Amino acid sequence: MTYLTRLLTGAATSLALALPAAAAEYNIAVGDGAGGTQEALGKAFIAALEEESGGEMTGKLFLNGQLGDEQDTVTAAATGTLDFSILAINNITPFSPSVGTLTLPYVILSQEDAEKVTQGEIGQQMIDQTIEDAGVRIIGWAYSGFRVLTNSKKPVSTVEDLQGLVVRVPKNEIMIETYKSWGINPTPMAWGETFAALQQKVVDGQDNPYMTVYAMKFDEVQKYVTNLRYIFSIEPLIVSEALFEGLSEEEQQQVLAAGEAATQASAEFLRSEEAKIREELVSRGMEITDPANDEKEFMDLATSTVWPKFYDQIGGKEVLNEVLTALDRPVV
Ligand code: MLT
């Protein structure tokens, strides 16, 4: 069993001798249910943390938003009432707007792009900014894939098909404006309320990666999937900065090393699992449609109207240009 496989299966604990009785056990809030990329990142992090600290530190996952809605966990970690949280990047953006650069539509166009920006200099700048803005430190990243659109009513392949659908989005301005650029007024709603709203048909659809659709069992209440690629979902693992600052230097290094190992494990997890999960969703009755004309209409509308609206909020157009340059794309 390789180190990576052990991290992915969370099996490091079983290899270690029993944890010391005084091992520090940290609470880790997880927004999604079992089987998704957030849980995989969390398991990998715990396994690596135990290994790095020789069993002195461990963690416990609380799935399905048991410790609070994703946006609330940021506040809880900042005030020190929660240790760690794994949440979608769009739910941290309201607290640290520059991170929003990575959620601007059609900036990240592949998993490789996502890994490059998060693990490079830009990722480090965002980590520093988030500590300052939100009082939490990003120590790892889960990669979850593109947020595909699901709905219960009809196949959608064009912007016109979208008209009339009531679509839930997180309380995230960038996502709200993106749907507006496509001609509909989306419904902002907390993550924890989304399944029930889909089930009770308060909303017709939502968008999230295949891995999340599966982990949240959305296939039970949604039929149609459109392979949109407007946001590649990145899910940070955050630690309370107050907690981190209270650790010894050695412990801080162990936490950071565990976060890095979990990030690598997450990238591998998505590469190996996404296609299988997609097939599983099809076998459960979901129908997948590709956007017409290579998504050009969606892309043109979103980039031309949404990007300029957020230059100020993300810290200036140059912040976006730094990301585009790092990705070898033309600047704006
Ligand atoms: C959301 O739509 O609020 C997020 O993507 C939820 C999540 O997967 O963590």
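Residues numbered from 1 in each chain as written. Predicted model: local features only at pLDDT ≥ 70, side-chain atom pairs only at ≥ 80, totals over all residues. Heavy atoms only, no water.

1. Remarks on the site of the ligand
1) Next: In the neighbourhood of the ligand, 13 residues make up the surrounding shell, with Gln38, Glu70, Arg147, Arg168 and Asn208 lying closest.
2) Next: One nitrogen or oxygen atom from the side chain of Asn91 is found 3.1 Å from an oxygen atom belonging to the ligand.
3) Next: A distance of 2.7 Å separates an oxygen atom of the ligand from a polar atom in the side chain of Arg168.
4) Next: Because more than half of its atoms lie within 2 Å of the grid, the ligand is assigned to the largest cavity.
5) Next: Split into classes, the residues belonging to the shell around the ligand amount to three nonpolar, five polar and five charged. (Near = heavy atom within 4 Å. Polar contact = N/O pair within 3.5 Å; in protein donor to acceptor, adjacent residues only side chain to side chain. 1 Å grid on protein atoms, 1.4 Å probe; cavity = no way out; pocket = protein on both sides within 12 Å on 5 of 7 lines; lining within 4 Å. Sits in = over half its atoms within 2 Å of the grid points. Nonpolar A, V, L, I, M, F, W, Y, C, P; charged D, E, K, R; others polar.)

2. As for the nonpolar core
In globular proteins that are soluble, nonpolar side chains generally tend to be buried together.
1) Next: In this structure, Ile92, Leu102, Leu104, Ile108, Phe232 and Leu320 are the most contacted members of the largest nonpolar core, which totals 55 residues.
2) Next: Leaving out residues up to four positions away in the same chain, Leu320 has contacts with Thr101, Leu104, Val107, Trp307, Tyr311, Ile314 and Val332.
3) Next: The next biggest cluster of nonpolar side chains, apart from the first, holds 26 residues, and it includes Tyr26, Leu237, Leu247 and Val255. (Core = buried A, V, L, I, M, F, W, Y, C linked by side-chain atoms within 4.5 Å. Buried < 20%, exposed > 50% of the residue type's maximum accessible area, 1.4 Å probe, protein only. Contact = heavy atoms within 4.5 Å.)

3. Re helix 6 (residues 121-134)
Given 3.6 residues to a turn, an α-helix orients residues that are three or four positions apart in the same direction.
1) Next: Its 14 residues give helix 6 an end-to-end C-alpha distance of 20 Å, which sits within 8% of 20 Å, the value for a rise of 1.5 Å per residue.
2) Next: Within helix 6 the residues assigned to the buried category are Ile122, Gly123, Met126, Ile127, Thr130, Ile131 and Ala134.
3) Next: After helix 6 finishes, the residue Gly135 shows a positive phi value of roughly 70°. (Helix = DSSP H or I, 4+ residues; strand = E, 2+ residues; numbered from the N terminus. Expected span 1.5 Å × (residues − 1).)

4. Here's the deal with unusual backbone geometry
Most of the time, phi is negative for any residue but glycine, and the peptide bond is trans.
1) Next: In this structure, Lys217 is a non-glycine residue whose phi angle is positive, near 60°.
2) Next: Tracing the sequence through the fold places Lys217 in the loop between helix 10 (210-215) and strand 9 (224-226).
3) Next: A relative accessible area of 45% places Lys217 in the partly exposed class.
4) Next: Although it is not a glycine, Glu295 sits at a positive phi angle of roughly 70°.
5) Next: Looking at the secondary structure, you find Glu295 in the loop between strand 11 (287-289) and helix 13 (296-310).

It is worth stressing that arrangement in space is one thing and function is another; only the former is reported here.
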